[in-house]
Amino acid sequence: MGNQIPRNKNIMAQSTYQSIVLAQRPKATIIPGETFSKKTNPMVSEKDLKDGDILIETLYLSLDPAMRGWLNDRRSYVPPVQIGETMRGIAIGRVLATKASSYPVGSIVTCYAGWTELAIINSSNPNLQLVNVPSNGKITDALGVVGPTGLTAYFGMLEIGQVKAGDFVVVSGAAGATGSVACQIAKLKGAKVLGIAGSDDKVKWLKELGCDDALNYKDPDFATNFKESTKDLIDVFFDNVGGDVLELALSRAKAHARFVMCGAISQYNSAQPVGPKNISMVIAMRIKMQGFVVFDFAKQYASAAKDLTQWLAEGKLLRKETILKGGLDAAEQGLVDLYNGINTGKLLVEVKAPEESVGSRL
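Structure report, in brief. Since the model is a prediction, treat every value here as computed from it, not as a measurement. (Residues numbered from 1 in each chain as written. Predicted model: local features only at pLDDT ≥ 70, side-chain atom pairs only at ≥ 80, totals over all residues. Heavy atoms only, no water.)

The subject of this paragraph is the overall build of the chain. When you go through the chain residue by residue, the secondary structure sums to nine helices and 15 strands. Across its three principal directions, the C-alpha atoms of the chain cover 65 × 45 × 35 Å. Counting across all 362 residues of the chain, residues that qualify as buried make up 52%. The contacts in the chain between residues at least 6 apart in sequence include a share of 68% that link residues at least 24 apart. Carbon and sulfur atoms form 50% of the exposed surface of the chain, whose accessible area is close to 16,200 Å². (Helix = DSSP H or I, 4+ residues; strand = E, 2+ residues; numbered from the N terminus. Buried < 20%, exposed > 50% of the residue type's maximum accessible area, 1.4 Å probe, protein only. Contact = heavy atoms within 4.5 Å. Areas by Shrake-Rupley, 256 points an atom, 1.4 Å probe, with all protein chains shown as cover.)

Take a look at the structure:
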């Protein structure tokens, strides 16, 4: 993405800042060096702020499976990222300058700043939130277990899946940021949980989280093992993957099962996505199959975050993070690697360590 420009630890001492923009829409997989390009921007400062604005320096970027869909020029729950536009994404940032009394200099926030070193955000933006580090927590939890991915797991499992004690729950993509929280919430509600992941190490971790069983979908005998492990048939299927795993789950669904359609990561980079051949099982087993996005439940964020924060403080929710170093330059390859299963738990890019940021108070 171009030559690396030396950066100063005090970004305000620089004459420019950098962002990453969409250069061309991928037809299938993201191509490093082609899909995105680096943009150098003139420096901004407090004098560029209007009333209610804050200037933030990005500390961490969240890399999420949904990002691939944002690159497609088609109708969806949010408009596509435009060519030449800064890549969309939620971030943790530190306030460097402010004309909003609720966001003093030095405070930590989350917002959809995108892939950029600096951003001006208006305090009226509903996605702008102050970060309060929970007991037993850290600032990066604001993008993970008590942030959007944790909230997605919470609403998907409790509102869409309607999980209850005694249910048999299967979670695909179970070692990811959302899947791992979904597994634990199901266990907290008294369900029996089978997690599906893509490596033996991830299977081991899922069992440490409390899953009753876990399977590696890359095992040559996975289909046979899945059928053996689902003898009781599935009450709730929380799907992050789609493809062959969804097809298997449909074949093992109990009558009136609830299928929580959270993601389809196996299909996002395919030029010719495929669906399950046995979709008629939805009719035969009267399956309730429902898609959702976390924004559907925006009015309930506060109460859900309270539950997640309490469970984290009590040690009832465990999490892992995969943090990529290298600043903005690591974001593009990191997004590619996300779809290849590089991460266990939440995948983040460290743009700047908090202790290196201007006015650090951590």
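Attention now goes to the packing of helix H2 (residues 148-160) against helix H8 (residues 301-313). Contact pair H2 / H8: the axes reach a minimum separation of 10 Å and the direction vectors enclose 105 degrees. One finds that H2 runs roughly perpendicular with respect to H8. On H8, the residues that touch Gly-150, Leu-151, Tyr-154 and Phe-155 of H2 are Tyr-301, Ala-304, Ala-305, Asp-307, Leu-308 and Trp-311. When its residues are assigned to classes, the contact of H2 with H8 shows eight nonpolar, one polar and one charged. (Axes fitted to C-alpha atoms, helices over the stretch in contact; angles between N-to-C directions. Parallel < 35°, antiparallel > 145°, perpendicular 65-115°, else oblique. Nonpolar A, V, L, I, M, F, W, Y, C, P; charged D, E, K, R; others polar.)

The next subject is the sheet that holds strand E13 (residues 288-291). Strand order in the open sheet made by the six strands is E10-E9-E8-E11-E12-E13, with parallel pairing throughout. Two strands lie at the open edges of the sheet, namely strand E10 (213-216) and E13, each paired on one side alone. Put simply, the sheet's adjacent strands are angled 15 degrees from each other on average, direction ignored. For strand E9 (residues 192-197) and E10, the ladder comprises four bridges, and the chain directions are parallel. (Pairing = 2+ DSSP bridges.)

Its identity as a non-glycine residue notwithstanding, Asn-136 has a phi of 70 degrees, on the positive side. Looking at where Asn-136 falls in the secondary structure, it is placed in the loop between strand E7 (129-130) and H2. Judged by its relative accessible area of 46%, Asn-136 is partly exposed. Positive phi, close to 50 degrees, is recorded for Arg-286, a residue that is not glycine. With respect to the helices and strands, Arg-286 occurs in the loop between helix H7 (281-284) and E13. The class for Arg-286 is partly exposed, based on a relative accessible area of 45%.

Bringing helix H4 (residues 200-209) into the picture now. Among all positions in H4, only Lys-202, Val-203, Trp-205, Leu-206 and Leu-209 are buried. The buried residues of H4 all sit within an arc of 160 degrees when viewed along its axis, so they share a single face. Every exposed residue of H4 that faces more than 90 degrees away from the buried side is listed here: Asp-200, Asp-201, Lys-204 and Glu-208. (Arc of directions from axis to C-beta.)

One recurring pattern in soluble globular proteins: nonpolar side chains tend to sit buried together. Ranked by internal contacts, the top residues of the largest apolar core, which has 39 residues, are Tyr-154, Met-157, Val-169, Val-171, Ile-185, Leu-206 and Leu-308. Secondary-structure elements contributing two or more residues to this core are H2, strand E8 (168-171), helix H3 (177-188), E9, H4, strand E11 (234-239) and H8. Element by element, the count of residues in this core is highest for H2, at seven residues. Non-local contacts of Ile-185, meaning those with residues more than four positions away in its chain, are made with Ala-153, Tyr-154, Met-157, Leu-158, Leu-308 and Trp-311. Counting residues in each nonpolar core, the second largest holds 36 residues, with Phe-36, Leu-128, Val-336 and Leu-347 among its members. (Core = buried A, V, L, I, M, F, W, Y, C linked by side-chain atoms within 4.5 Å.)

The values reported here are purely geometric and, on their own, carry no functional implication.
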